[in-house]
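# A structural walkthrough
The lines below spell out each chain.
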Amino acid sequence: ETGVTQSPTHLIKTRGQQVTLRCSSQSGHNTVSWYQQALGQGPQFIFQYYREEENGRGNFPPRFSGLQFPNYSSELNVNALELDDSALYLCASSSRDNSPLHFGNGTRLTVT
Amino acid sequence: AQSVTQLDSQVPVFEEAPVELRCNYSSSVSVYLFWYVQYPNQGLQLLLKYLSGSTLVKGINGFEAEFNKSQTSFHLRKPSVHISDTAEYFCAKNRRGTGGFKTIFGAGTRLFVKA
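What you see is a predicted model; the values in this text were computed from it and never measured.

## Structural notes on the overall build of chain B
Across its full length, chain B carries zero helices and 12 strands. The helix and strand sequence of chain B, counted from the amino end, reads β-β-β-β-β-β-β-β-β-β-β-β. For 115 residues, the compact-globule formula gives about 13 Å, and the C-alpha radius of gyration of chain B, at 14 Å, lands near that figure. Projected onto its principal axes, the C-alpha positions of chain B cover 45 × 30 × 20 Å. The 115 residues of chain B split such that 47% are buried.

What follows is the structure, given as structure tokens:
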């Protein structure tokens, strides 16, 4: 059973730039959720994808966008980066039912 | 709004002592609760879950939690902690919305086990 993998592990960007983060979901899972975890805080829900469509969104601006591909892998894109976007970005996969999330180890994004 | 409140930001405890990490949730018709653990530089791992049935839930690494509907609580307990239990612990709740379930997390409790 292949777990959730995220790339890259670390990334440094400059304010105003754009970034793409990638996630491969666990085999057998068709739903991917993205979370932002600022230092010392709990994960905040960004959005969820199911069958290549956005399936719910948290309180994040439109410059946060995503994609899900036919193999259920996913991307998170952030445009016009701001300093406050510095955080650990976590991807989690799950079945569509009420099952627990399986997390990757995250991508640490630093915006300078 | 749906919410999860973890009452303690940090809990220091000596090795082999018991520990309780407190969690309260906002009430709803259906309640699905989880505890996750996060070790440094890693993602979150599931410790245990409550979906229905027995209110005492046993998880991995000797942890257990009790679902208390009247007090809207889901506290995590371990009778004897080890140094290796030092980590961040998150209480979480699934909420049903259009398109399925979404998981919301508390702010976390840092458990620090001292020798």
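## A word on unusual backbone geometry
The omega angle of the peptide bond from Ser7 of chain A to Pro8 of chain A is -10 degrees, so this bond is cis rather than trans. Residue placement: Pro8 of chain A occurs in the loop between β1 (5-7) and β2 (10-13). Positive phi, normally seen in glycine, also occurs at Ala80 of chain A, with a value near 45 degrees. Looking at the secondary structure, you find Ala80 of chain A in the loop between β8 (74-78) and β9 (87-94). When its relative accessible area of 42% is taken as the criterion, Ala80 of chain A is described as partly exposed. One non-glycine residue with positive phi stands out, namely Asn41 of chain B, at about 60 degrees. Mapping Asn41 of chain B onto the fold places it in the loop between β5 (32-38) and β6 (44-50). Looking at Asn41 of chain B, the relative accessible area reads 72%, which means it is exposed.

## Quick look at the interface of chain B and chain A
The partner chain A presents 21 residues to the 22 residues of chain B that form the contact. For the pair chain B and chain A, the summed buried surface comes to about 1600 Å²; carbon and sulfur atoms form 51% of the total. Together, Leu44, Lys102 and Phe105 of chain B form the three largest contributors to the area buried by chain B at its contact with chain A, with a combined 28%. Run the count over chain B and chain A and you get zero salt bridges. Linking chain B to chain A there are eight residue pairs in polar contact (both at pLDDT 80 or more). Contributions of two or more residues to the side of chain B that touches chain A are made by β5, β6, β10 (87-97) and β11 (100-105) of chain B.

## As for the nonpolar core
Among the nonpolar cores identified, the biggest contains 28 residues, and Trp35, Leu47, Leu48, Phe74, Leu76 and Tyr89 of chain B are the most heavily contacted of them. Phe47, Phe60, Leu109 and Val111 of chain A belong to the second largest nonpolar core, which has 19 residues in total.

## Overview of the state of the cysteines
Using the criterion set out here, one finds two disulfides over all chains in the structure. Bridging Cys23 of chain A to Cys91 of chain A, the disulfide has an S-S length of 1.8 Å. Taking the torsion about the sulfur-sulfur bond, which here is approximately -65 degrees, the covalent link between Cys23 of chain A and Cys91 of chain A counts as left-handed. Separated by 68 residues along the polypeptide, Cys23 of chain A in strand β3 (residues 19-24) and Cys91 of chain A in strand β9 bring together distant segments of the chain. Cys91 of chain A carries the same exposure label as Cys23 of chain A, and that label is buried. Between the sulfur of Cys23 of chain B and that of Cys91 of chain B lies a disulfide, 2.0 Å long from S to S. Where Cys23 of chain B bonds to Cys91 of chain B through sulfur, the torsion about that S-S bond is close to -70 degrees, and the disulfide is left-handed. Taken as a pair, Cys23 of chain B in strand β4 (residues 23-25) and Cys91 of chain B in strand β10 lie far apart in primary sequence, 68 residues in all. The class of Cys23 of chain B is buried, set by a relative accessible area of 0%.

Cut-offs applied
- Residues numbered from 1 in each chain as written.
- Chains lettered and ligands numbered in written order.
- Predicted model: local features only at pLDDT ≥ 70, side-chain atom pairs only at ≥ 80, totals over all residues.
- Heavy atoms only, no water.
- Helix = DSSP H or I, 4+ residues; strand = E, 2+ residues; numbered from the N terminus.
- Rg over C-alpha atoms; globule rule 2.2 N^0.38 Å.
- Buried < 20%, exposed > 50% of the residue type's maximum accessible area, 1.4 Å probe, protein only.
- Contact = heavy atoms within 4.5 Å.
- Buried area = accessible area lost by both parts, 1.4 Å probe.
- Salt bridge = Lys/Arg side-chain N within 4 Å of Asp/Glu carboxyl O.
- Polar contact = N/O pair within 3.5 Å; in protein donor to acceptor, adjacent residues only side chain to side chain.
- Core = buried A, V, L, I, M, F, W, Y, C linked by side-chain atoms within 4.5 Å.
- Disulfide = S-S within 2.5 Å.

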